[in-house]
Amino acid sequence: MSDVEKLNTFNLYIFGGTGDLANRKLLPALFRQFILGSFSDQSNIIGIGTKELSEEDYLNIVQNSLQKHSDLYSDELWQKFSNKLTYKKIDINNDEDWKNFEPQSIDAVKIFYLAIPPSLYETISSKLHSYQCIDEKSRIVVEKPIGSDLETAKKINRSEEHTSELQSPCNLVCRLL
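The notes below deal with the structure included here. Quick caveat: nothing in here was measured; it's all calculated off a predicted structure.

Turning our eyes to something else, we now look at the overall build of the protein chain. The number of helices and strands found in the protein chain is 6 helices and 6 strands. Each helix (α) and strand (β) of the protein chain, taken in turn from the N terminus, gives the series β-α-β-α-α-β-α-β-α-β-α-β. In the protein chain, 75% of the contacts between residues at least 6 apart in sequence involve partners at least 24 apart.

Here it is, written out as structure tokens:
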């Protein structure tokens, strides 16, 4: 494990935290990195979804997913990893939910991972800005390809450019291939 680079402290907010992408790909990959020792002690993963779930319900979903999609799963490792996880319900069109959403203010990189349909990128990016969730250590991550055709991809790119300008001094939208 000494060859593993320790990541800067982060809070990873996964919009779509109960969805297929999160459960089949993101959370198993994060579990692997946690096991390898990449996480700082203060780093956290916050699943965000529209479902009314208790913390226990969310942890059960993630545990079932890791049992199914991670070849490294063990109950002992799960107990340690689960301490990094929390869940927050947000209806993206409900301003009350946004008013109650306060990203943790520890000295950490805030990563907003949009594991959601591209049609929602603009709305969530705008809300993150409007409710002052973005600062100089913030990053928004989206999946590529984006959009259903060239026209929708261009529209999403324009909205991300606008959001990136609004985020100043962050000015970073990351895309994963």
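Before going further, it helps to examine the pattern of salt bridges. Enumeration according to the criterion identifies 7 salt bridges in this entry. Residue D95 pairs with K127 through a salt bridge whose shortest N-O separation is 2.8 Å. One end of the pair, D95, is in helix α4 (residues 95-99); the other, K127, is in helix α5 (residues 121-130), and 32 residues separate them in sequence.

Here the focus is the packing of aromatic side chains. The full count for this structure, using the stated rule, is 13 aromatic pairs. On the numbers, 5.1 Å between centres and 20° between planes, the contact of Y13 with F112 is stacked. Of this pair, Y13 sits in strand β1 (residues 10-15) while F112 sits in strand β4 (residues 109-114), and the two are 99 residues apart along the sequence. Here Y13 falls in the buried class, since its relative accessible area comes to 2%. Its relative accessible area of 0% is what places F112 among the buried residues. Members of the aromatic cluster, connected to one another through ring pairs, are F10, F31, F34, F39, Y73, W78 and F81.

So, about the side chain of S38. Of note, S38 is situated in the loop between α1 (20-36) and β2 (44-49). Of note is the side chain of S38, whose polar atom sits 2.8 Å from the side chain of Q33.

This part is about α5. Taken together, the buried positions of α5 are Y121, I124, S125, K127 and L128. Along the long axis of α5, the arc covered by the buried residues comes to 160°, so they all point the same way.

A few words on unusual backbone geometry. One can expect most non-glycine residues to show negative phi and most peptide bonds to be in trans. A positive phi is found at Q132, a non-glycine position, where the angle reads about 55°. Among the secondary structure elements, Q132 is positioned in the loop between α5 and β5 (138-143). Q132 gets classed as exposed once you look at its relative accessible area, which sits at 69%.

Calculation criteria
Residues numbered from 1 in each chain as written. Predicted model: local features only at pLDDT ≥ 70, side-chain atom pairs only at ≥ 80, totals over all residues. Heavy atoms only, no water. Helix = DSSP H or I, 4+ residues; strand = E, 2+ residues; numbered from the N terminus. Contact = heavy atoms within 4.5 Å. Salt bridge = Lys/Arg side-chain N within 4 Å of Asp/Glu carboxyl O. Phe/Tyr/Trp six-rings, centres within 6.5 Å; stacked < 30°, edge-to-face > 60°. Buried < 20%, exposed > 50% of the residue type's maximum accessible area, 1.4 Å probe, protein only. Polar contact = N/O pair within 3.5 Å; in protein donor to acceptor, adjacent residues only side chain to side chain. Arc of directions from axis to C-beta.

All we've got here are geometric facts, nothing functional implied.
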